[in-house]
Amino acid sequence: MKKRYLLISTLLITILSGCNIVPVKYDDTMLDGPVINDTSLVDPTFRVSSHPDRATFDRTRPVIICVHGYGACTYEWEEFRDYVINNDIPVYTSLVLLGGHGRDIEDLIATTWKDWEKPVMDEYDSLVKMGFININFAVSSTGGAILIDYLSRNAFDSKPVKPENIFFIDAIVVPSNKLMTAINVLGPVLGNSPSEMNNPLAKAHWYTNRPSSSLVQLHDLCDLCRQKLEKGFRLPDCTYAKIYKSENDGSVDPISALMMYKGMFKSDGNRVDIQMVQSDLHVFTRLHARDYVSHADSVLQQATFKEIADKVTD
Amino acid sequence: MNKKCVLLYISVMMSLLYQNSTALEHLNIPVGIQMQANSDLQWGLTAGLSSDLILKGHPYFTVSYTSNRIGARFPYEVKQDNYLFTLGWMFRPGKLIDPFINIDVGLAHFDSEFEEFKLLKTNSPILDLRFGLEGALLRKAIHPWCNFGISFITSSTVYPLVMAAGVNYDISKGLLR
């Protein structure tokens, strides 16, 4: 009998003390550690606002601000940047690194989602200040949630230049793994929910560790986006938006796209564009560092890149 | 459809009870309203049945329907419906405070509404385990209750943690006595 009480007491104390039963671990091959950091931190050409040749840039040429997702880095949009360059498309790409990302995992732990989104608006403001008049967004996963947050609180209304086009790629509102919705309860117990990555390229460009504190931040952002979408909001005047969503996405539940479609309206009250795509990939526009890529995945990626480029240069 | 089912259930039970007054002594037929918090806040109806003659009234059976169609917090919520069949066990049936445990099986549905989302999987099974407390007030006719549990199967609209609360009126103890 005493043993049973001892066991129950130990279990309760373990849960209530919020012990981290899955500690943060990393090595030098991971983005999580101090050795590998996001390239944009040392290469100023990733962002238009820090590009060494920015003084010579054509201010009438469209700029696409590309925003990656939670735990990722600017690598997520490098294929699109290369597509634009290789096809001589008259567009500048500006690959923004979210706050707390692309550095050591401790930086992610120390930040909130408000810190994550700050570099996005900083880049937008810098481009406006530099005189660019055609600014666009291509956002993936959590990058999409960040744009939803900005749009729902009319953050662009006070700007002299409004976004021309916004392309949402697998934007997150509801995660596929519903345990994340209980992260406030499970998080303190688990401490960390590392993802399984075997691909060395993936390990170098995505955080392997997912500390609970950062998942709580992601959950809070998703929850906020959901509420904003359920209340409904309109895009800035003349802003075009299109939602792309994988039908079988292991990270973002497809109901996210339905929520966005229901709650996000053009400035004239009409619905935004939507395309549910046949793909099993999360952020189907990024094919590098995947274990397997089908021909259909490549075709879909190129078609989406072309559609984005055509719309922006239209 | 659901309202009709509930009305039919109540009518059948009432006619049975009137025909056999001894059954009335042993049957518990709670009907009531409930609020459920899972992926969204839902409101609904519930109707149950248990008998003192079956294992001293410990087991019970409930059907319920909840939805966010009525009382939605925001205008653009995805419309959801949950249909639940519940098998439960009351530890202290008939007492002022009665702890209970139950297993729910059922169906969760949401409206995809638009042609663009026709391929979304809008129906998914529900299987959850809940623990709760029920009270018996006013000559055991009024039963406020609350429960908390976990869903073993999650889906677009079914999250792992579930809470519910409601109040039932036992028509065998109240109206017909």
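What you see is a predicted model, and the numbers here were worked out from it, not measured in a lab.

Q: Describe in detail the overall build of chain A, supporting the description with residues and values.
A: Counting secondary structure elements, chain A contains ten helices and eight strands. What you see for chain A is a C-alpha radius of gyration of 20 Å, in line with the 20 Å of a compact globule of 314 residues. With respect to the principal axes defined by its C-alpha atoms, chain A has extents near 80 × 45 × 40 Å. Per-residue burial over chain A gives 56% buried out of 314 residues. Pairs at least 24 residues apart make up 77% of the contacts formed inside chain A by residues separated by at least 6 positions. On chain A, roughly 13,500 Å² of surface is accessible, and the fraction owed to carbon and sulfur atoms is 53%. For chain A, the distance from the average site of its 32 positive side-chain charges to the average site of its 40 negative ones is 7 Å.

Q: Can you break down unusual backbone geometry residue by residue, with the values?
A: Phi at Asn154(A) takes a positive value of approximately 50 degrees, unusual for a residue other than glycine. Judged by relative accessible area, which is 40%, Asn154(A) ranks as partly exposed. At Lys140(B), a position not held by glycine, the phi torsion is positive, near 65 degrees. Mapped onto the elements, Lys140(B) comes out in the loop between β7 (123-135) and β8 (142-151).

Q: Kindly report on the side chain of Lys228(A), identifying the contributing residues and their values.
A: Residues and elements named next belong to chain A. Topologically, Lys228 is positioned in helix α8 (residues 212-231). Buried and without a salt bridge, Lys228 has Asp149 as its closest oppositely charged side chain, separated by 4.0 Å. Here Ser152 takes part through its side chain, which lies 3.4 Å from a polar atom of the side chain of Lys228. Apart from the residues within four sequence positions on either side, Lys228 is in contact with Asp149, Ser152, Arg153 and Phe233.

Q: Outline the sheet that holds strand β8 (residues 273-277) of chain A, supporting the account with residue identities and numerical values.
A: Residues and elements named next belong to chain A. Read across the sheet, six strands follow the order β2-β1-β3-β4-β6-β8 without closing on themselves; strand pairing throughout is parallel. Here the strands that pair on one side only, and so sit at the sheet edges, are β2 (92-96) and β8. On average, each strand axis in the sheet is inclined to that of its neighbour by 15 degrees, with strand direction left out of account. Sheet analysis places strand β3 (residues 135-140) next to strand β4 (residues 165-169), joined by four bridges and oriented parallel. Paired with Ala138 across the two strands is Phe167, which belongs to β4. Contacting β1 (63-67), β3 and β4, helix α5 (residues 142-152) runs over the sheet at an angle of about 130 degrees to β3.

Q: Which residues make up helix α4 (residues 113-130) of chain A, and what are the values?
A: Residue and element names in this part refer to chain A. Counted at 1.5 Å a residue, the expected span for α4 with its 18 residues is 26 Å, and the 27 Å between its end C-alpha atoms agrees. Those residues of α4 not exposed but buried are Trp113, Trp116, Glu117, Val120, Met121, Glu123, Tyr124, Leu127, Val128 and Met130. Of the surrounding secondary structure, the elements contacted by the buried residues of α4 are β1, β2, α3 (105-109), β3, α5 and α8. Gly131 occupies a position one or two residues after α4 and carries a positive phi of about 105 degrees.

Q: I'd love a proper account of the interface of chain B and chain A, names of residues and values included.
A: Taken together, the 26 residues of chain B in the interface contact 26 residues of chain A. Around 2,100 Å² of area is buried between chain B and chain A when both sides are counted, 69% of it from carbon and sulfur atoms. In this structure, Lys262(A) and Glu113(B) form a salt bridge, with 2.4 Å as the shortest nitrogen-oxygen distance. One can count seven residue pairs in polar contact (both at pLDDT 80 or more) joining chain B with chain A. Here the side of chain B that touches chain A is built from residues that sort into 13 nonpolar, seven polar and six charged.

Q: An account of the nonpolar core is needed here, citing residue identities and associated values.
A: Residues and elements named next belong to chain A. In this structure, Phe137, Phe168 and Met264 are the most contacted members of the largest nonpolar core, which totals 72 residues. Setting aside residues no more than four positions away along its own chain, Met264 makes contact with Leu151, Phe168, Leu229, Phe233, Leu235, Ile243 and Val272. Membership of the second largest hydrophobic core comes to 25 residues, among which are Phe284, Phe305, Ile308 and Val312.

Q: Which residues make up the pairing of β1(A), and what are the values?
A: Residue and element names in this part refer to chain A. Of all five residues in β1, five are buried; the element is thus mostly enclosed. Residues of β1 alternate between two faces, with Val63, Ile65 and Val67 on one and Ile64 and Cys66 on the opposite face, all of them buried. Both β1 and β3 contribute to a ladder of five bridges, which runs parallel. Across the sheet, residue Ile64 finds its bridge partner in β3, namely Asn136. As paired elements, β1 and β2 share five bridges and run parallel to each other. Among the inter-strand pairings, Cys66 is bridged to a residue of β2, identified as Leu95.

Q: Give a detailed account of the environment of Ala241(A), specifying residues and quantitative values.
A: Residue and element names in this part refer to chain A. Within the element layout of this structure, Ala241 appears in strand β6 (residues 240-246). Assessed through its relative accessible area of 0%, Ala241 is described here as buried. Separated by 78 residues in sequence, Ala241 and Pro163 have C-alpha atoms that sit 9.7 Å apart. Leaving out residues up to four positions away in the same chain, Ala241 has contacts with Ile166, Phe168, Leu235, Val272 and Asp273.

Q: Just give me the short version of the pattern of salt bridges, but keep the residues and values in it.
A: Counted by the stated rule, this structure contains 23 salt bridges over all chains. For the salt bridge of Glu117(A) with Arg153(A), the shortest nitrogen-to-oxygen distance reads 2.7 Å. With Glu117(A) in helix α4 and Arg153(A) in the loop between α5 and β4, this residue pair connects regions lying 36 residues apart in the sequence. The buried category is assigned to Glu117(A), whose relative accessible area is 5%. What emerges from the salt-bridge pattern is a single network uniting Arg226(A), Glu230(A), Asp40(B), Arg73(B) and Glu77(B).

Q: Before we move on, can you summarise the environment of Gly94(B) with the specific residues and values?
A: All names here are of chain B. Note that Gly94 resides in the loop between β5 (80-90) and β6 (97-110). Taking the relative accessible area as the measure of exposure, Gly94 reaches 38% and is therefore partly exposed. Sequence separation between Gly94 and Lys140 is 46 residues, and the spatial gap between their C-alpha atoms is 7.2 Å.

Q: Go over the packing of helix α2 (residues 78-86) of chain A against helix α10 (residues 295-313) of chain A with me, naming the residues and quoting the values.
A: All names here are of chain A. Relative to each other, α2 and α10 sit at 65 degrees, their axes nearing to 11 Å. Once α2 is placed against α10, the crossing between them reads as right-handed. Residues Glu79, Phe80 and Tyr83 of α2 touch α10, and the partners they reach there are Gln301, Gln302, Phe305, Lys306, Ile308 and Ala309. Classifying every residue of the contact of α2 with α10 gives five nonpolar, two polar and two charged.

About the thresholds
Residues numbered from 1 in each chain as written. Chains lettered and ligands numbered in written order. Predicted model: local features only at pLDDT ≥ 70, side-chain atom pairs only at ≥ 80, totals over all residues. Heavy atoms only, no water. Helix = DSSP H or I, 4+ residues; strand = E, 2+ residues; numbered from the N terminus. Rg over C-alpha atoms; globule rule 2.2 N^0.38 Å. Buried < 20%, exposed > 50% of the residue type's maximum accessible area, 1.4 Å probe, protein only. Contact = heavy atoms within 4.5 Å. Areas by Shrake-Rupley, 256 points an atom, 1.4 Å probe, with all protein chains shown as cover. Lys, Arg positive; Asp, Glu negative; His and termini not counted. Charge placed at Lys NZ, Arg CZ, Asp CG, Glu CD. Salt bridge = Lys/Arg side-chain N within 4 Å of Asp/Glu carboxyl O. Polar contact = N/O pair within 3.5 Å; in protein donor to acceptor, adjacent residues only side chain to side chain. Pairing = 2+ DSSP bridges. Axes fitted to C-alpha atoms, helices over the stretch in contact; angles between N-to-C directions. Expected span 1.5 Å × (residues − 1). Buried area = accessible area lost by both parts, 1.4 Å probe. Nonpolar A, V, L, I, M, F, W, Y, C, P; charged D, E, K, R; others polar. Core = buried A, V, L, I, M, F, W, Y, C linked by side-chain atoms within 4.5 Å. Left-handed = near helix turned anticlockwise from the far one by under 90°.

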